[in-house]
Amino acid sequence: MPRFGTWHRSSLLFGAALLVLYAGIMTAKFALWRANVLFSDWPFYITSFWNTDFHDLWLFSNDRYVQFGYPTYLNEHFAPLLFVLAALYHVVPQPEAMLLLLHGASPVLAAIFIHATALHVLGDRRLSFSIALSYAFNPGILWPTIGLVYGFQTDCLLAPCAAAVGWALATNRIGVYFLAFALALGLKENVPAYGVVLGACLLVFTKRRGQALVTILMSIIVFVIASKGVPAITGVENRNVAVAWRFIDDLLHLRPTFDYTLPEVVIGFGYSLAFLPALFVWPFLGVIVPDLLLIGQISYAKTVTWHVTLPVTVLGVASVFGAARILATNVWPAWLDRRIARLRLMHLFSTTVLTVSQIAGPLTIWLSYDRYIALRSPVDQPAIARALALIPPEAGVATTSDIEQYFARRLVVSSRLVVLRKAGGEFSYFVINRRSLTEGRRDRMLASAYEQDRCLIDVAEGLARAGGKMLMDSGGILVVQFAQMPALECH
């Protein structure tokens, strides 16, 4: 391990830039959290981790069970590695902060591996600095890191794994390669497709035949476990594996459809321009094709959501190997090399991309924060504390979407009308925030949540006036106990 004084200046600058970036990311994420913007998947992960007892309940969400019928998150996404996070959730002092910190660290950790890969493959500190930092500041990776109302997504953990796989390939560290790949396989059921294509490329284009075959075999085994093993235990098919099977069937019958819009394609193409050198290892770019095809089957999966975290990271890693291919190719004529030196050309390109990224990155952080902070709602924290003290931990709670996160550490909690209508008998308390009905939430992307909140507020207030037991009405927070869920018919 080198002493501080032996670190090269570019490495120190790189580390300082990443620290500043991480500080900016976390400032935005923590501000959105405190402003009560985070909802939907955010309380879902909290309650899933909280309910995991490693005996009867395994990443269990009552919401998902009522809506889709599956008893574990593994029926939605094959992510057994989340059991580690569930265990940590029960022991760390601030588990929600841990989740935010993990998500925010995703581009930073991946950039460190990309930088190490570039240093080994290219042997050029300036070029390595530019490529790795351009990735970290790329809007394609920053927007999914900040621009969400979800706070945390498991896909964020895939980026460091993918970058570590690239570094292990570059340095021929077989153990690290399989460890990082195994961790990625334990995070999502789409990773086996990456593994099969990567293994095929290693088999055809390199001499790593044993490594290639093991990669393919591991991928197939994990996919079989995800698609057949988990359903055999739970009795419910993996929902996203089912999407893949339907798409394969559509392909075989020549009737595939895609949900990509022209603006999404343009945005994705725009931030991919930073990774143009990746085209020089184009066969390996096939690893992201199955994922991009499947993303096009899901309406809420866009080119700026967490779904592209892994493809963008693969492009970042591939751009390193592509740059090395450009510098080493014999196709480039000597006379052209004398006029336009390849290394000088790569420096010019990478410097240009880095300059643009240093503008686009902070702008992305600011725009995503500005877009989502408009969804904030005022929440009286002392009133929330009183409500938590009033309600037994085993009671089912129906809440408005902005305060669901405060009541997520229980078996039964929801802000969704579809769940409350289906499983009304499991609920006995309304906890609503009258102040959740802000103009920002109504006029922006939370219009449907706004209407659901409005419905719950109307029902809870009506119940408080006739038939319900009002336990508290303070600071905009209303707590009503009831024996039977009233009709949730709202207009």
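Provided above is the structure to which this section pertains.
We now turn to the structure provided with this report. (Residues numbered from 1 in each chain as written. Predicted model: local features only at pLDDT ≥ 70, side-chain atom pairs only at ≥ 80, totals over all residues. Heavy atoms only, no water.)

**Looking at the layout of surface pockets**
Note the following rule: Only protein atoms enter the 1 Å grid used here, on which a cavity is any set of points holding a 1.4 Å probe that cannot leave and a pocket is any open set flanked by protein within 12 Å on both sides along at least five of seven lines; residues with an atom within 4 Å of a point are listed as lining. Grid points are joined across faces, edges and corners, and a volume is the space filled by probe spheres set on the points. Helix and strand labels come from DSSP, where a helix needs a run of H or I of at least four residues and a strand needs a run of E of at least two; each type is numbered from the N terminus. Residues are sorted three ways: Asp, Glu, Lys and Arg are charged, Ala, Val, Leu, Ile, Met, Phe, Trp, Tyr, Cys and Pro are nonpolar, and all the rest, Gly among them, are polar.
In this model, the second largest pocket occupies a volume close to 770 Å³. Around the second largest pocket, the lining is made up of 29 residues, and of these Leu169, Leu198, Leu202, Phe284 and Phe321 lie nearest the centre. It is helix α8 (residues 158–171) that provides the largest number of residues to the lining of the second largest pocket, a total of seven residues. Among the residues forming the lining of the second largest pocket, the class breakdown is 25 nonpolar, two polar and two charged.

**What about the packing of aromatic side chains?**
Short version of the rule: Ring pairs shown here join Phe, Tyr and Trp side chains whose ring centres sit within 6.5 Å, with only the six-membered ring taken for Trp; geometry is labelled stacked below 30 degrees between planes, edge-to-face above 60, and tilted in between. Using a 1.4 Å probe on the protein chains alone, a residue whose accessible area is under 20% of its type maximum counts as buried, one over 50% counts as exposed, and one in between counts as partly exposed.
One pass over the structure, following the stated rule, counts 20 aromatic pairs. The interplanar angle of 45 degrees and the centroid separation of 5.5 Å between the aromatic rings of Phe44 and Tyr73 together place this pair among those described as tilted. In this pair, Phe44 sits in helix α2 (residues 41–51) while Tyr73 sits in the loop between α3 (62–68) and α4 (82–89), placing the two residues 29 residues apart along the sequence. Seen from their ring centres, Phe54 and Trp58 are 5.7 Å apart, and the 85 degrees between their planes marks the pair as edge-to-face. For Trp58, a relative accessible area of 34% puts it in the partly exposed group.

**Let's talk about the environment of Asn240**
We apply this condition: In what follows, a contact means two residues having at least one pair of non-hydrogen atoms within 4.5 Å.
Within the secondary structure, Asn240 sits in helix α12 (residues 239–252). C-alpha of Asn240 to C-alpha of Tyr369: the two residues are 129 residues apart in sequence and 30 Å apart in space. Contact partners of Asn240, with chain neighbours within four places excluded, come to Glu76, His77, Glu189 and Ile298.

**Side note on the sheet that holds strand β2 (residues 413–414)**
Note the following rule: The pairing criterion for strands is at least two bridges between them, as found by DSSP. Each axis is a line fitted through C-alpha atoms, and for a helix only the stretch in contact is used; angles between axes span 0 to 180 degrees, taken between their N-to-C directions.
Strand order in this open sheet of five strands is β2-β1-β3-β5-β4, and the pairing throughout is mixed. This sheet does not close on itself; its edge strands, each paired only once, are β2 and β4 (469–474). As paired elements, strand β1 (residues 397–399) and strand β3 (residues 429–433) share three bridges and run parallel to each other. Bridge assignment links Thr399 to a residue of β3, and that residue is Val431. With respect to the sheet, helix α21 (residues 447–465) is in contact with β1, β3, β4 and β5 (477–481), its orientation differing from that of β3 by roughly 120 degrees.

**Here's the deal with unusual backbone geometry**
Unusually for a residue other than glycine, Asn36 sits at a positive phi of about 65 degrees. In this structure, Asn172 is a non-glycine residue whose phi angle is positive, near 60 degrees. Positionally, Asn172 belongs in the loop between α8 and α9 (174–185).

**Quick notes on α4**
For an α-helix, 3.6 residues make a turn, and residues three or four places apart therefore share a direction. Our working definition: It is the directions from the helix axis to the C-beta atoms whose arc is reported.
Every buried residue of α4 is accounted for by Leu82, Phe83, Leu85, Ala86 and Tyr89. Seen end-on, α4 carries its buried residues on one side only, within an arc spanning 155 degrees. Looking at the buried positions of α4, the neighbouring elements they touch are α2 and α5 (95–122).

**A closer look at the pairing of β5**
For β5, a buried count of four out of five residues is recorded, marking the element as mostly surrounded by other parts of the structure. Where β3 meets β5, five bridges bridge the pair, whose relative direction is antiparallel. Counted as the bridge partner of Val431 is Val479 from β5. From the end of β4 to the start of β5, which pair antiparallel, there are two residues, and Gly475 there has a positive phi angle of about 60 degrees.

**Considering empty space enclosed by the protein**
Going through the model one piece at a time under the given rule, you end up with three cavities of 30 Å³ or more. Approximately 90 Å³ is the volume attributed to the largest cavity. Sorting the residues of the lining of the largest cavity by element identifies α6 (125–136) and α17 (342–373) as the ones contributing at least two each. Counted by class, the lining of the largest cavity contains eight nonpolar, four polar and no charged residues.

**Structural notes on the pairing of β4**
Where β4 and β5 come together, five bridges link them in antiparallel fashion. If you follow Asp473 over to β5, its bridge partner there is Leu478.

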